[in-house]
Amino acid sequence: MKRTLAILLLALLLLQCKKEVDTTWLITNGTVGVLARESLARDIELIYANDSVVKDTNSLNLGNKAKKLKIFEKGGKHLLTLTPSADSIPTIENVRFEDARYQTEKGISTASTFKDIKEAYTIRKLITSTNNVLILVKESDVYFTISKEELPSSLRYAASANIEAVQIPDKAKIKYMMLGWD
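Residues numbered from 1 in each chain as written. Predicted model: local features only at pLDDT ≥ 70, side-chain atom pairs only at ≥ 80, totals over all residues. Heavy atoms only, no water.

A word on the sheet that holds strand S4 (residues 52-55)
Here's step 1: If you walk across this open sheet you meet the eight strands as S4-S5-S6-S7-S12-S11-S10-S9, and the pairing is antiparallel. A single partner strand is all that each edge strand has here, and the edge strands are S4 and strand S9 (123-128). Across the sheet, the axes of successive neighbouring strands diverge by a mean angle of 25°, strand direction being ignored.
Here's step 2: Bridge analysis of strand S6 (residues 78-84) against strand S7 (residues 92-97) gives five bridges, and the strand direction is antiparallel. Its bridge partner lying in S7, Leu82 is registered against Val95. (Pairing = 2+ DSSP bridges. Helix = DSSP H or I, 4+ residues; strand = E, 2+ residues; numbered from the N terminus. Axes fitted to C-alpha atoms, helices over the stretch in contact; angles between N-to-C directions.)

And the structure:
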C-alpha cells in the first residue's frame with residue numbers, strides 16, 4: 001500500500017513539473033514574443049527596452065505619429081516592423097517578421113517554404129497581385145507572401161491569372177511573413 005501511494009505521489013510530482021517554454025520568439029494569435037495584442041503603441045519603447053526602436057522620421061518631422069516602428073537587436077539585426085493602428089489610443093495593427101527566429105506555434109518562420117505552410121495550416125485563400133501571391137490560412141492571424149519569381153515562368157508574368165495552391169512549387173520561399181491584428 002505504501003509503495004503504491006509513493007508511486008502515485010511521485011507521478012503527481014512529475015506531472016506538476018512542467019518544462020518552461022521560452023516564448024521570446026514564439027508567434028501566437030495574441031502575442032509575438034513579449035508583445036501582446038493589447039499592447040499600446042506608446043509603450044513599444046518600454047516593451048523593447050533591451051532593443052532599439054526606430055520610428056519613421058518622415059512622419060515625426062511633419063508632427064504626425066510614426067507610421068512604422070522598426071525593432072532592432074542591440075547588435076543591429078532587424079527583428080520586426082510594427083504598424084500602429086489609427087485609433088485614438090493606437091495599438092499594434094500589423095507585425096512584419098524580419099528575423100527567422102520568430103516562429104509560429106506550428107514552427108513556420110520566414111525561412112520556411114510553401115510546403116511547410118501547406119503541411120502546418122489549411123490554406124483559406126490565395127490573393128494574386130502583380131508581383132506576389134498572398135497566402136491566408138484558417139488557423140492563424142499570420143499570413144504569408146510569396147514572390148511570383150518563385151513560380152513557374154508561365155505564371156510569373158500573367159497579371160490577371162488567379163493562382164491556385166497546386167500551382168505553387170513546394171520549394172517556394174516566403175518573401176514576407178506578417179501578422180494582422182484587427
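Regarding the nonpolar core
Here's step 1: Counting residues in hydrophobic clusters, the biggest one holds 36 residues, and the most contacted among them are Val32, Leu80, Leu82, Val95 and Phe144.
Here's step 2: Residue assignment for this core shows that the elements contributing at least two residues are strand S5 (69-72), S6, S7, helix H4 (114-120), strand S10 (132-137), strand S11 (142-147) and strand S12 (176-180).
Here's step 3: What Val95 contacts, discounting residues up to four positions off in sequence, is Val32, Leu35, Leu80, Thr81, Leu82, Met177, Met178, Leu179 and Trp181. (Core = buried A, V, L, I, M, F, W, Y, C linked by side-chain atoms within 4.5 Å. Buried < 20%, exposed > 50% of the residue type's maximum accessible area, 1.4 Å probe, protein only. Contact = heavy atoms within 4.5 Å.)

Here we look at the confidence of the model for the chain
Close inspection of predicted coordinates is inappropriate for parts of the model with low pLDDT.
Here's step 1: Per-residue confidence for the chain averages 87 on the pLDDT scale, and 82% of its residues sit at or above 70.
Here's step 2: Looking over the chain, one finds the lowest element-wise mean pLDDT in helix H3 (residues 57-61), namely 52, and the highest in H4, namely 97.
Here's step 3: Considering only residues more than four positions removed or in separate chains, one finds that residues 59-63, a stretch of pLDDT under 50, has six contacts. (pLDDT = per-residue confidence, 0-100.)

Concerning the environment of Val142
Here's step 1: With respect to the secondary-structure elements, Val142 resides in strand S11.
Here's step 2: Placed 35 residues apart in sequence, Val142 and Met177 show a C-alpha to C-alpha distance of 7.0 Å.
Here's step 3: Leave out the neighbours within four places in its chain, and Val142 touches Ile27, Thr104, Val137, Met177, Met178 and Leu179.

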